Each structure stands twice: as structure tokens, then as C-alpha cells.
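The chain contents come next:
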Amino acid sequence: MPETEPNTSEIKEYRSALKIVRRLRESSFKIITTLFGLVLAAFIVALLIGVVTHTTPQALLESLLSGEIQFAIRLSLITSVISTIFCIFVSVPAAYALARYDFPGKNILNTILDVPLALPPLVAGVALLILFGTTSFGKGLAEAGIRFVFTPLGIILAQFFVNMPFMFRVLRSTFQGINPRYEYVAQTLGSTEAGAFWRVTLPMARNGLMAGSIITWCRGIGEFGAALMVAGSTRMQTETLPISLYLNMSCGELPLAIASATILIVISLVSLFIFEKFSGFARVF
């Protein structure tokens, strides 16, 4: 007997079944991948809560009000703000040049400027210590009264060297995302190249500049390895919040260590929130 061809209703049912199967597969994949994100988030939140709740609120408050922690907070804020200003001052022209101009060795220069990003902080600290502590260049600066080794200036130097690539990469991506035609139009209206940069490009890059400044400042406050190698770990002299955490953990002063860790966690969360807000309007990395 000849085979009967499927009617229209059977074809529609078959297609509907295929759609349902396809949706189930997509939903399963979506659930599995989302589950990975939720597990990672739960792991991070558990770690942070474990640190903050490891001591009593009274002991935490007493530690936060102690002279040592207050000194560490002040030194961390001062050094991180100064190093961030230096990062902005250097990164803005460098990032603009590498985003706008083509010249021989551009790729090599980009790679060199990103090197501190890949170096372990301890290696960066050793390099800075050798340059500013043992060479004739460093000794000459010391004789002139500019001492970086075992001083707060060393903390600023370490923060600048380690965190400059973050500011540079954020600004480079921001400038690359701004159409150069705006600058050309400004120049046709009588503005110079520098004037077009200051009046047109830089204001358009304000979100990227703000995002880069926030993340650079946050990382400056948390810098430990390079700062430890250059400035040392002297209480009430070169004691930033990460150094305070290290010293108090080494001596068994857990409440003071938890206080330093809690401040760093709060600063990181607030800075990350602000960074995400501004980086949403700018191309980052």
C-alpha cells in the first residue's frame, strides 16, 4: 500500500514539539551557566562575611578607633590620592597619543607600558628598591633629600608604578571610543589640536577618566607587595592598611587585623560600585 503523507496538523504538532525541545535545551544551558555564576558569587560573599563577622562589633569599633588604625587610614588615603593624581597626569597624554597616532614602535611601547600589570608586585618592588636604593641615581636623589626607601614616598612610588597601567588602559580604551571627527570639526572652526583635545575630547572622556581614577585609587589603597619591598613595614611610619593587616596578623593581634581588612573590604565594594556605574558609559579594557 502507498505510504500516506503527513497532514498539515501533524506537521504543526511536530514543529511545536521541536520548539519545545529546543526551548528546554536552551533553558537547561541557561540554568547551568547561571548556576556557576551564583556559586561563585556565594563563595565570594561567604568569604567577605566570614572576615567581617570574625570579631564582635564592640571589638571591631575599638580597633577602628585605635591610634594605629587611624594612622594607617590617613597614610593610605594620602598616599593613594597622590599616586592616583600622578597616574592621571602621566596616563592622559600617553593614552591619547597611543590611541590617536601611528608611529614606529607603537606596539612595543604599548607592551612596555603594560608590563607592570603583568609583573608580580614583589618583583616590581624589588626593581624599584634596586633602582632607588642601590644605584647612583637613587643615591643621588637621597643626597638631594628625596628618599624613597623606607619612607612614605616609597609607598607613593610603588602605588604609582603598579597601578599606572590600569589608568592607562582605561583611558586608552576611552580615547579609542571617541570619534576623532569631533576634533577635526573643532579644528576647522579655528581650534588648535591641543585646544580640540582640552575642549572636546577630554570632556567627552570624563566617564572613563572617573572610572579609571576610582579603580586606580582603590588599588592604590590595597597595594601591599611592592610597597612592602620599597617602604618596609614600620609601625606608625610606613604602615598603610595592608601593612597594618600584615603586621597585626603576624603578631596575633586579630581584632586590629580584622579592622584593617574590614575597611579595605568596604572601600573595595564602594569603589567597585562607582567604577561599574561610570564604566557603563565608557569602553574599559
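What you see is a predicted model, and the numbers here were worked out from it, not measured in a lab.

Rules used in this analysis
- Residues numbered from 1 in each chain as written.
- Predicted model: local features only at pLDDT ≥ 70, side-chain atom pairs only at ≥ 80, totals over all residues.
- Heavy atoms only, no water.
- Core = buried A, V, L, I, M, F, W, Y, C linked by side-chain atoms within 4.5 Å.
- Buried < 20%, exposed > 50% of the residue type's maximum accessible area, 1.4 Å probe, protein only.
- Helix = DSSP H or I, 4+ residues; strand = E, 2+ residues; numbered from the N terminus.
- Salt bridge = Lys/Arg side-chain N within 4 Å of Asp/Glu carboxyl O.
- Contact = heavy atoms within 4.5 Å.
- Polar contact = N/O pair within 3.5 Å; in protein donor to acceptor, adjacent residues only side chain to side chain.

Novice: Looking at this model, I keep getting lost on the nonpolar core. Mind explaining?
Specialist: V92, A95, F168, L171, F175, F197 and L202 are the most contacted members of the largest nonpolar core, which has 16 residues in total. When contributions to this core are tallied by element, the ones reaching two or more residues are helix 3 (67-100), helix 7 (152-176) and helix 9 (193-204). With 6 residues, the single largest contributor to this core is helix 3. Counting residues in hydrophobic clusters, the runner-up holds 14 residues, among them I155, A227, V230 and A231.

Novice: Teacher, can you tell me more about the pattern of salt bridges here?
Specialist: Where charged atoms of side chains with opposite charge meet at close range, the side chains can pair. By the definition in use, this model includes 6 salt bridges. Of the charged contacts, one joins K106 and D102 as a salt bridge, the two residues approaching to 3.2 Å between their closest N and O atoms. For D102, a relative accessible area of 68% translates into the label exposed. Among the salt bridges present, the one from R172 reaches D114, with a minimum N-O distance of 3.9 Å. Here R172, found in helix 7, pairs with D114, found in helix 4 (residues 106-118); they are 58 residues apart in sequence, far enough to count as distant. You can call D114 buried: its relative accessible area is 15%.

Novice: Can you walk me through the environment of F71 in this structure?
Specialist: Tracing the backbone through its elements, the reader meets F71 in helix 3. For F71, a relative accessible area of 17% gives the class buried. Note: C-alpha distance between F71 and L241 (170 residues apart in sequence) is 8.9 Å. Not counting residues within four places of it along the chain, the set of residues in contact with F71 comprises M236, Q237 and E239.

Novice: Help me understand the side chain of T151, please; the structure alone is not making it clear to me.
Specialist: Within the fold, T151 resides in the loop between helix 6 (136-143) and helix 7. In this structure T151 comes out as buried when scored by relative accessible area, which is 18%. When residues no more than four places from it in sequence are discounted, the contact partners of T151 are A231 and T238.

Novice: Please explain the side chain of T238 as it appears in this structure.
Specialist: Summarising the element assignment, T238 is placed in the loop between helix 11 (225-231) and helix 12 (241-251). Exposure remark for T238: the relative accessible area of 2% places this residue in the buried category. Polar contacts involving the side chain of T238 include one to the main-chain carbonyl oxygen of G232, which spans 3.4 Å. Once residues within four sequence positions are removed from consideration, T238 is found in contact with L75, F150, T151, P152, I155, A231, G232, S233 and I243.

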